[in-house]
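Structural features, examined
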Amino acid sequence: MRGLEVTVVVLAAVLTMTWLARRLRWNEPVMLVAGGCLIGLIPHFHRLALPPEVVLLLFLPPLLYWESLTTSLREIRTNVRGIVLLATGLVLATAAAVAAVGYALGLSWPLAFVLGAVVAPTDALAVATVARGLPRRIRTVLRTESLINDGTALALYAVVVAVAVQGVTVTWSGTAVRFLLAYAGGAAIGAACAVVVVALRRRVRDRTAENALGVLTPFATYLPAQMLGVSGVLAVVICGLVLSQADPKVISAGTRVQITSFWEVSTSLLNSALFVLVGIQTPAIVSDIGSASPGHAVLTALLVSGVVIATRLVWLYSVPYLLRAVDRRPVQRTLRSGARQRFPLAWSGVRGAVSLAAALAVPASTAAGRPLAGHGLLVFTAVTVILVTLVLQGTTMPAVIRWSGLHRDPDETAEERRAHRRIIAAALEALPDHARRLRTPPETADAILSELRQYAAEDAGPADTGDPGVRAGLELRRALIGVKRSALIRLRDQRSIDDIVLRRLQSLLDTEEISIELALRAFTGRLS
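In every chain, residue numbers begin from 1 and rise along the written sequence. Given that the model is predicted, a residue must reach a pLDDT of at least 70 before its local features are reported, and side-chain atom pairs must reach 80 or more before they are shown or counted; all residues, however, enter totals for whole chains, interfaces and linings. Excluded from the side-chain calculations are hydrogens and water; all other atoms, namely the structure's heavy atoms, are used.

Turning our attention to the overall build of the protein. Working definition: helices are DSSP H or I runs of at least four residues, strands are E runs of at least two. Numbering for both runs from the N terminus. When its secondary structure is counted, the protein shows 22 helices and 0 strands. Computed over C-alpha atoms, the radius of gyration of the protein comes to 26 Å, within 12% of the 24 Å expected from 2.2 N^0.38 for 528 residues, which places it in the range of a compact globule. Expressed as lengths along the three principal axes of its C-alpha atoms, the size of the protein is roughly 85 × 60 × 45 Å. The buried share of the protein, taken over its 528 residues, is 53%. Note on contacts: a residue pair is in contact if any heavy atoms of the two residues lie within 4.5 Å. For the protein, contacts bridging at least 24 residues in sequence account for 83% of all contacts bridging at least 6. Only carbon and sulfur atoms are counted for the fraction: they give 65% of the accessible area of the protein, which is about 23400 Å². We treat Lys and Arg as the positive residues and Asp and Glu as the negative residues; His and chain ends play no part in the count. Charge coordinates come from a single atom per side chain, which is NZ of Lys, CZ of Arg, CG of Asp or CD of Glu. Put simply, the protein has 53 plus and 36 minus side-chain charges, and the middle of one group is 6 Å from the middle of the other. C-alpha atoms define the radius of gyration in this analysis, and the globule rule sets the expected value at 2.2 Å times the number of residues to the power 0.38. Think of it in three bands: residues with accessible area under 20% of the maximum for their type are buried, residues over 50% are exposed, and the middle band is partly exposed, with areas taken using a 1.4 Å probe on protein chains only. Here the Shrake-Rupley method, with its probe set to 1.4 Å, supplies the accessible areas, and only the displayed protein chains count as covering residues.

Moving on: helix H5 (residues 80–104). Given a helix with a known number of residues, its expected span is that number minus one, times 1.5 Å. In this model H5 runs 35 Å from its N-terminal to its C-terminal C-alpha over 25 residues, within 8% of the 36 Å that 1.5 Å per residue would give. For a residue, the bend is simply the angle between two axes, fitted respectively to the seven-residue segment ending there and the seven-residue segment starting there. The largest bend in H5 is about 30°, located at Leu86. Among all positions of H5, only Ile83, Leu86, Ala87, Leu90, Val91, Thr94, Ala95, Val98, Ala99, Val101 and Gly102 are buried. Backbone geometry just downstream of H5 places Gly106 in the positive-phi region, at approximately 115°.

Attention now goes to the environment of Thr7. Structurally, Thr7 can be placed in helix H1 (residues 3–24). Judged by its relative accessible area of 40%, Thr7 falls in the partly exposed class. Sequence separation between Thr7 and Leu274 is 267 residues, and the spatial gap between their C-alpha atoms is 12 Å.

On to the packing of aromatic side chains. For this analysis, a ring pair means two rings from Phe, Tyr or Trp (six-membered ring only for Trp) whose centres lie within 6.5 Å, classed as stacked if their planes differ by under 30 degrees, edge-to-face if by over 60, and tilted for the remaining angles. A full pass over the atoms with the stated rule returns 6 aromatic pairs. Geometrically, the ring pair formed by Phe343 and Trp403 is edge-to-face, given 5.9 Å between the ring centres and 80° between the ring planes. Separated by 60 residues along the polypeptide, Phe343 in helix H16 (residues 339–346) and Trp403 in helix H18 (residues 375–404) bring together distant segments of the chain. Residue classification places Phe343 among the partly exposed positions, given a relative accessible area of 21%.

Here the focus is the side chain of Arg312. The topology assignment puts Arg312 in helix H13 (residues 294–316). In this structure Arg312 comes out as buried when scored by relative accessible area, which is 3%. Setting aside residues up to four positions removed in sequence, Arg312 forms contacts with Leu90, Thr122, Leu142, Glu145, Leu345, Ala346, Ser348 and Gly349.

Glancing now at the packing of H5 against H13. In the contact formed by H5 and H13, the axes pass within 9 Å of each other and the chain directions differ by 140°. On the basis of their axis angle, the class for H5 and H13 is oblique. Our pair here, H5 against H13, has a crossing hand that is right-handed. Residues Leu85, Leu86, Gly89, Leu90, Ala93, Thr94, Ala97, Val98 and Val101 of H5 touch H13, and the partners they reach there are Leu303, Val304, Val307, Val308, Thr311, Arg312, Trp315 and Leu316. Just so you know the grouping, Ala, Val, Leu, Ile, Met, Phe, Trp, Tyr, Cys and Pro go in nonpolar, Asp, Glu, Lys and Arg go in charged, and all remaining residues, Gly too, go in polar. Considering only residue class, the contact of H5 with H13 consists of 13 nonpolar, 3 polar and 1 charged. Only the stretch in contact is used when fitting a helix axis, every axis being a line fitted to C-alpha atoms; angles between N-to-C directions are given from 0 to 180 degrees. An angle below 35 degrees is read as roughly parallel, one above 145 as roughly antiparallel, one from 65 to 115 as roughly perpendicular, and any other as oblique. In this scheme the handedness of a crossing depends on how the near helix is turned from the far one: anticlockwise by less than a right angle means left-handed, clockwise means right-handed.

Our focus in this paragraph is unusual backbone geometry. Here Arg439, not a glycine, exhibits a phi torsion of approximately 55°, which is positive. With respect to the secondary-structure elements, Arg439 resides in the loop between helix H19 (410–438) and helix H20 (442–458). Despite not being glycine, Arg495 shows a phi value in the positive range, around 65°. Note on placement: Arg495 falls in the loop between helix H21 (471–493) and helix H22 (499–527). For Arg495, a relative accessible area of 47% gives the class partly exposed.

Quick look at the pattern of salt bridges now. The rule for a salt bridge is simple: a side-chain nitrogen of Lys or Arg has to be within 4 Å of a carboxyl oxygen of Asp or Glu. The full count for this structure, using the stated rule, is 20 salt bridges. For Arg74, the salt bridge is made with Glu415, and the minimal N-O distance between the two is 2.6 Å. Of this pair, Arg74 sits in helix H4 (residues 73–78) while Glu415 is found in helix H19, placing the two residues 341 residues apart along the sequence. Glu512 serves as the salt-bridge partner of Lys484, at 4.0 Å between the closest nitrogen and oxygen. Of this pair, Lys484 sits in helix H21 while Glu512 sits in helix H22, and the two are 28 residues apart along the sequence.

This is the structure we're talking about:
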């Protein structure tokens, strides 16, 4: 089947199912998977196979990169203990629980642990979809957990697949060293790539080259990590987090607007296309369950799905309470939440394309050439877990959020207002010096000063660019945008505001700066 044909069909399905889901107000991932299933029933598409390396090398890096670029590093620092426990401890606990059930239902221990590693991580893309409407803190915890736990699960996956397929002997010390190397190596490569990208951005001033560098970054970070046998997932995440702090200082407004628009569109399409591709492959996977009877396969898949959901619920209603008994510091008490408010976090364990890619990547035969018993059942179970979590948890998440009584984080609005006042104050303080340096007429400077004072009093957005024919006023406004942006970044660096607030106000400043640049070009054109 030609790649262009598949691309056209998948994109058409994405557009149709997304429109239909929004029109009917249904869960978009579920609708996309359902549309994919209908396509998969067509004989021409019945045997369409998504190579696992396509997900792991083409889809995963840009999607994880954009998620890490747009998360809040301050909230990650505040909730780092809970995130680490979810991204490591919960993954290992889920893998062990699933392995126990799989073994009890007839899988060998090695293959049962492979299944556990496959379904253990939550999916960053699916979680980002179902987490809409949650407060900033919970949303950040969920997004960061799903970014990091892929690295834990894939490191475990590599170990247990080697046991199941090649008969490699596992030792606790060897496994622990492998985990540490995967994490440390991935983090080191991600940080190094971020340093190189920042250095290049400081030297490159061509907008096309800057945008090309932005597109290349996640792939150039993921690939060397994978080639060296460390966590490519963690490398991309660390690179994105580092760049989220540095990019506001080294990227121009025009480039930032362009690259942001590109990533928003492309990641949305990639995300939706993955759900469609999962659906397309589902009918073929269901028909290839191997020697297991349909009843046994369905029972195994449903039980494993229940264990995956139950393990997360048990973990989040036990481990945090045990930690409370040990750590009674005041700073930790401020982070506590009640059982009702905790439930959305416990109910957000949606699985997705990473689990499918990992399941499809399991070899169907051993190193000795014998068929791997239970391979078809493993893939079928993984797909069922994805569908059950998407349908059951994804569709009920809005009701869960309403029942929990969670609302938008009030601190976010307060931070935004405070940041607005601070950047206007910085502009007011810098205005006289910039007016003298640019030789701005006094009446123009006074008019801009009055506008800034008015906006400071009203907590409004950035000032209008005013009369585009007044070049001196435009140049002064452009200089003051640089002052505002510097003040905004200082607030973020001092942790007075987080990255989400910075990006929101930065977007307004970028829009203002671009409109001023256009007005100045028009003014220059009229003079020439």
